[in-house]
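Residues per chain are reported as follows:
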Amino acid sequence: MSNLETVLFIGMSLYLVALIMYTLRAVRGPTIPDIVLAIDCLSYDLAVFMAALSLYYKTPLMMAPSIMLALWAYLLDVFVSKHLAVREVGK
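The text that follows walks through the structure, step by step, so that each part is easy to find. Each chain carries its own residue numbering, running from 1 in the written order of its sequence. Totals for whole chains, interfaces and linings use all residues, but because this is a predicted model, local features are given only for residues with pLDDT of at least 70 and pairs of side-chain atoms are given and counted only at 80 or more. Only hydrogens and water are removed before side-chain values are computed, so all heavy atoms of the structure are retained for them.

## Remarks on the side chain of S43
Okay, so step 1: Numbering of helices and strands runs from the N terminus; a helix is a DSSP stretch of H or I covering at least four residues, while a strand is a stretch of E covering at least two. Structurally, the position occupied by S43 is in helix 2 (residues 32–57).
Okay, so step 2: Residue burial is assigned from relative accessible area. The probe radius is 1.4 Å, only protein chains are included, and a residue is buried under 20% of its type maximum, exposed over 50%, and partly exposed in between. The buried category is assigned to S43, whose relative accessible area is 14%.

## Description of the environment of L55
Okay, so step 1: Its place among the elements puts L55 in helix 2.
Okay, so step 2: Sequence separation of L55 and V17 is 38 residues, and the distance between their C-alpha atoms is 22 Å.

## Side note on the packing of helix 1 (residues 3–28) against helix 2
Okay, so step 1: Put simply, helix 1 and helix 2 touch, their axes get as near as 9 Å, and they point 160° apart. As summarised for this structure, helix 1 and helix 2 are arranged roughly antiparallel, according to the angle between their axes. In terms of crossing hand, the pair formed by helix 1 and helix 2 is left-handed. Along its contact with helix 1, which presents L4, E5, L8, M12, Y15, A18, L19, Y22, T23, R25 and A26, the element helix 2 presents D34, I35, A38, I39, C41, L42, D45, L46, F49, L53 and Y56.
Okay, so step 2: The nonpolar class holds Ala, Val, Leu, Ile, Met, Phe, Trp, Tyr, Cys and Pro. Asp, Glu, Lys and Arg form the charged class, and all remaining residues, Gly among them, are polar. Looking at side-chain class alone, the contact of helix 1 with helix 2 contains 17 nonpolar, 1 polar and 4 charged residues. Here the axes come from fitting lines to C-alpha atoms, over the contacting stretch only for helices, and the angles between their N-to-C directions go from 0 to 180 degrees. Roughly parallel covers angles under 35 degrees, roughly antiparallel covers those over 145, roughly perpendicular covers 65 to 115, and oblique covers all other angles. It is the rotation of the near helix from the far one that decides the hand of a crossing: anticlockwise by less than a right angle makes it left-handed, clockwise makes it right-handed. The criterion used for residue contact is that any of the two residues' heavy atoms lie within 4.5 Å.

## Topic: a nonpolar patch on the surface
Okay, so step 1: Together, Y44, I67, M68, L71, W72, Y74, L75, V78 and F79 give the surface a local cluster of nonpolar side chains, amounting to about 900 Å² of exposed area.
Okay, so step 2: Considering every element that reaches the nonpolar patch, the biggest residue donor is helix 3 (residues 63–86), with 8 residues.
Okay, so step 3: On the secondary structure map, W72 appears in helix 3.
Okay, so step 4: By relative accessible area, W72 is classed as exposed at 57%. Candidates for patches are residues over 30% relative accessible area with no salt bridge; among them, like charges are joined within 9 Å and nonpolar side chains (Val, Leu, Ile, Met, Phe, Trp, Tyr) within 5 Å. Computed with the Shrake-Rupley method and a 1.4 Å probe, the accessible areas treat only the protein chains shown as cover for residues. Each reported salt bridge corresponds to a side-chain nitrogen of Lys or Arg within 4 Å of a carboxyl oxygen of Asp or Glu.

## A word on helix 3
Okay, so step 1: To estimate how far a helix should extend, the number of its residues minus one is multiplied by 1.5 Å. Taking 1.5 Å of rise per residue, the 24 residues of helix 3 would be expected to cover 34 Å, and the 35 Å separating its terminal C-alpha atoms lies within 8% of that figure.
Okay, so step 2: Those residues of helix 3 not exposed but buried are S66, A73 and V80.
Okay, so step 3: Buried residues in helix 3 make contact with helix 2.
Okay, so step 4: Once helix 3 ends, the next one or two residues include R87, with phi positive near 65°.

## Some thoughts on the side chain of S66
Okay, so step 1: Looking at the secondary structure, you find S66 in helix 3.
Okay, so step 2: Residues within four places of S66 in sequence aside, it is in contact with A47, V48, M50 and A51.

## Some points on helix 2
Residues lying three or four places apart along an α-helix face the same way, a consequence of the helix completing one turn every 3.6 residues.
Okay, so step 1: Look at helix 2: 37 Å from first C-alpha to last across 26 residues, which is about the 38 Å you get at 1.5 Å a residue.
Okay, so step 2: Among all positions in helix 2, only V36, A38, D40, L42, S43, A47, F49, M50, A51, L53 and S54 are buried.
Okay, so step 3: In this structure, the buried residues of helix 2 make contact with helix 1 and helix 3.
Okay, so step 4: Once helix 2 finishes, K58 follows within two positions and takes phi at roughly 55°, a positive value.

That is the geometry; function is a separate question.
What follows is the structure, encoded as structure tokens:
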């Protein structure tokens, strides 16, 4: 097993542990900000993981969905914060 494959295996293992912890927080989160934060962490971690795989396989095809996923997570933050501040979205 090469050095890069070892790093990728350790990173994948850590990502799976984080995925389980964030999913538990998103399901059992006591408040809306906890749930949104857990979903953000899931989205950003998945975006970084997809970018790392894109670099590993030397293909730029997975980089664009990674960027789009990060932008969707940011858009979720904007809508939730707008809703919590004013209680209406779209104005």
